[in-house]
Amino acid sequence: MTDYFAVQLPPEQIRSISSIGLAHIGDAVYELLVRTWLCAGGKATGKGLHRAAVALVCAPRQAELAEKILPLLTQEEQDVFRRGRNANVHSIPAHASRAQYQQATALEALLGYLYLQGRRDRANELFCRMMEGE
């Protein structure tokens, strides 16, 4: 039985996943990290919990937070980020600019990539750097 909580795909299989596919998984990884950060840190409770999560997972905020980690990325991570940023997205939410949405998609693709590699420690390290001072 495959353990999808601890998945680790081979590099050739990860390379075969589109940037949009990586971002799809990375979106869930990011949301789980945000929700855990909010609950574990006592950052919000009750109704405020949902609002706080939504404020951190929206594309403009993700794009802003992604800027904090760009200087920390390895060449491999930069390549994945760039590939995610250049993904052909078909619709942009009204509350985000194209650039913000591309940056958010790039962040999600990177997190999806790290997750599928089994590198949750690196994903967590980057997330913690993004959340410093928040």
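From a predicted model like this one, the values you see are computed outputs, not experimental measurements. (Residues numbered from 1 in each chain as written. Predicted model: local features only at pLDDT ≥ 70, side-chain atom pairs only at ≥ 80, totals over all residues. Heavy atoms only, no water.)

**So, the layout of surface pockets**
Convention followed: Definitions used for this entry: grid spacing 1 Å over protein atoms alone; cavity, a set of points where a 1.4 Å probe fits but cannot get out; pocket, an open set with protein on both sides within 12 Å along at least 5 of 7 lines; lining residue, one with an atom within 4 Å of a point. Grid points are joined across faces, edges and corners, and a volume is the space filled by probe spheres set on the points. A run of H or I in DSSP becomes a helix once it reaches four residues, and a run of E becomes a strand once it reaches two; helices and strands are each numbered from the N terminus. Each residue gets one label: Ala, Val, Leu, Ile, Met, Phe, Trp, Tyr, Cys and Pro are nonpolar, Asp, Glu, Lys and Arg are charged, and the others, such as Gly, are polar.
Its volume calculated, the largest pocket comes out at about 280 Å³. Along the walls of the largest pocket sit Tyr4, Phe5, Ile25, Ala28, Val29, Leu32, Leu33, Thr36, Tyr115, Arg120, Ala123 and Asn124, which together make up its complete lining. Listed by contribution, the elements that provide at least two residues to the lining of the largest pocket are helix H2 (19-40) and helix H7 (120-131). In terms of residue count, the dominant contributor to the lining of the largest pocket is H2 (six residues). In terms of lining residues, the second largest pocket is bounded by 14 residues, among which Ala23, Asp27, Tyr101, Thr105 and Glu108 are the most central. Counting only elements with at least two residues in the lining of the second largest pocket, the list comes to H2, helix H4 (59-69) and helix H6 (98-117). Of the residues in the lining of the second largest pocket, the class split is eight nonpolar, four polar and two charged.

**Considering the packing of aromatic side chains**
Going by this rule: Here is the rule: rings of Phe, Tyr and Trp (six-membered ring for Trp) pair when centre to centre is within 6.5 Å. Planes less than 30 degrees apart are stacked, more than 60 are edge-to-face, and the remainder are tilted. For every residue, the accessible area obtained with a 1.4 Å probe (protein chains only) is divided by the maximum for its type, and the residue is called buried under 20%, exposed over 50%, and partly exposed between those limits.
Scanning the model with the defined rule gives one aromatic pair in all. With centroids separated by 6.1 Å and ring planes inclined at 75 degrees, the aromatic side chains of Tyr30 and Phe127 adopt a geometry described as edge-to-face. Taken together, the residues Tyr30 in helix H2 and Phe127 in helix H7 connect sequence positions 97 residues apart. Each member of the pair Tyr30 and Phe127 is classed as buried.

**Considerations on the state of the cysteines**
For clarity, the cut-off: The disulfide criterion is simple: two cysteine sulfur atoms within 2.5 Å.
The tally for this structure, following the rule as stated, stands at zero disulfides. Between Cys39, a cysteine without a disulfide, and Cys128, which holds the nearest cysteine sulfur, the sulfur-to-sulfur distance is 15 Å. The closest cysteine sulfur to the non-disulfide-bonded Cys58 is located on Cys39, 18 Å from its own sulfur. Given a relative accessible area of 22%, Cys58 falls into the partly exposed group.

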